[in-house]
Amino acid sequence: ATPISITTAAGRGAQAGVLIKDAEALERMARVDTLVVDKTGTLTEGKPKLTDVVALGDASEDEVLRLAATLERGSEHPLAEAIVAGAKARGVALDKAADFEAVTGKGVTGRVGDRRVELGNAALMQAGSVAIDDAESTADALRTEGKTAMFVAVDGTLAGLVAVADPIKKTTEAAIRALHDQGLRVIMATGDNRRTAEAVAKRLGIDEVRAGVLPADKKALIDELRAKGHGVAMAGDGVNDAPALAAADVGIAMGTGADVAVESAGLTLLGGDLTGIVRARKLAKATLRNIK
Ligand code: ADP
Ligand code: MG
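Quick look at the structure, then. From a predicted model like this one, the values you see are computed outputs, not experimental measurements. (Residues numbered from 1 in each chain as written. Chains lettered and ligands numbered in written order. Predicted model: local features only at pLDDT ≥ 70, side-chain atom pairs only at ≥ 80, totals over all residues.)

**A closer look at the sheet that holds strand 8 (residues 157-165)**
The six strands lie next to each other as 3-8-7-6-5-4, forming an open sheet whose pairing is antiparallel. Strands with a single pairing partner mark the edges of an open sheet, and in this sheet they are strand 3 (49-55) and strand 4 (97-103). The sheet shows a mean angle of 20° between the axes of neighbouring strands, direction not considered. Alignment of strand 7 (residues 148-154) against strand 8, held across seven bridges, turns out to be antiparallel. Bridge pairing in strand 8 places V152 opposite G160. Set on the sheet, helix 4 (residues 61-72) makes contact with strand 3, strand 4, strand 5 (107-112), strand 6 (115-120), strand 7 and strand 8; between it and strand 5 the angle comes to about 105°. (Pairing = 2+ DSSP bridges. Helix = DSSP H or I, 4+ residues; strand = E, 2+ residues; numbered from the N terminus. Axes fitted to C-alpha atoms, helices over the stretch in contact; angles between N-to-C directions. Contact = placed C-beta atoms within 7 Å.)

**Some details on the nonpolar core**
Buried together is how nonpolar side chains tend to be arranged in soluble globular proteins. Counting 51 residues, the largest nonpolar core has L35, A233, M234, I252, L267 and I277 as its most contacted members. Counting residues per element, this core draws most heavily on helix 13 (residues 275-291), which supplies five residues. Setting aside chain neighbours within four positions, we find I277 in contact with L35, A175, L179, A235, I252 and L269. Residues V108, V117, A149 and A153 belong to the second largest nonpolar core, which totals 37 residues. (Core = buried A, V, L, I, M, F, W, Y, C linked by C-beta atoms within 7 Å. Buried ≥ 20, exposed ≤ 12 C-beta atoms within 10 Å, placed from the backbone.)

Nothing here speaks to function; it is geometry throughout.
So this is what it looks like as structure tokens:
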């Protein structure tokens, strides 16, 4: 291909829905060899749907769902929206929660009526000393299907599970293949469980999976890769992803995500899918040939 100027690259990028912050971002993009991607909202649509409700104690399925969804009304997490919408679709009437608290990367806690409810991953249950051994095999079966399984505890005892599935974006698989063809190694970093993460990664041919990572760990992963001499791009959509985006050689914000993600990024993908990265990489290479 013919070398092009930064201005031309920026123009072509904008036409393709890729906003380029400055020449440096583009130049660094040409030297990147590793792409770290967040799962939820980046590889997947980020609009999960409720798929399963499992009752394990005295409470019925509807009661488990009512308690879970009542609590999630206080959360803005995509998982929360799926649980609330799922409850409404099933005609389950919601209550009002009190003492609501969101625990980053783990789940939510609060009170519904006179009961204390905890909803989230195994780490949250562990923090609340809730025994989940009896439910692990059920949770694993759901995860193997690529679903996110969440535990629901009532007054410190496991009451059930809810599961949601987040469809993979139609464009993701082809984009990952194109990124591989461009010589990039693709690592998925997610707060989600290992089994769920691996089910999704396997479908997409992702090279490496870091599961169960907290937002601070995503930044640590970027630092670790850069310390090894890799040029690292990081693509994410959430407020949680901002520190990692800022730490990467090139932060890539999914334009459909949080504003703070966009502010921390060198590139912003307006279309909200990875195809823009393939495009940006091509433009970056063409520009670099011109600079040299
Ligand atoms: P990701 O990196 O995939 O965007 P997060 O870091 O936001 O995921 O969340 C990690 C895990 O914490 C989720 O998979 C879920 O098990 C749990 N979690 C987080 N927020 C909530 C919530 N509002 N309700 C239930 N579970 C949650
Ligand atoms: Mg996310």
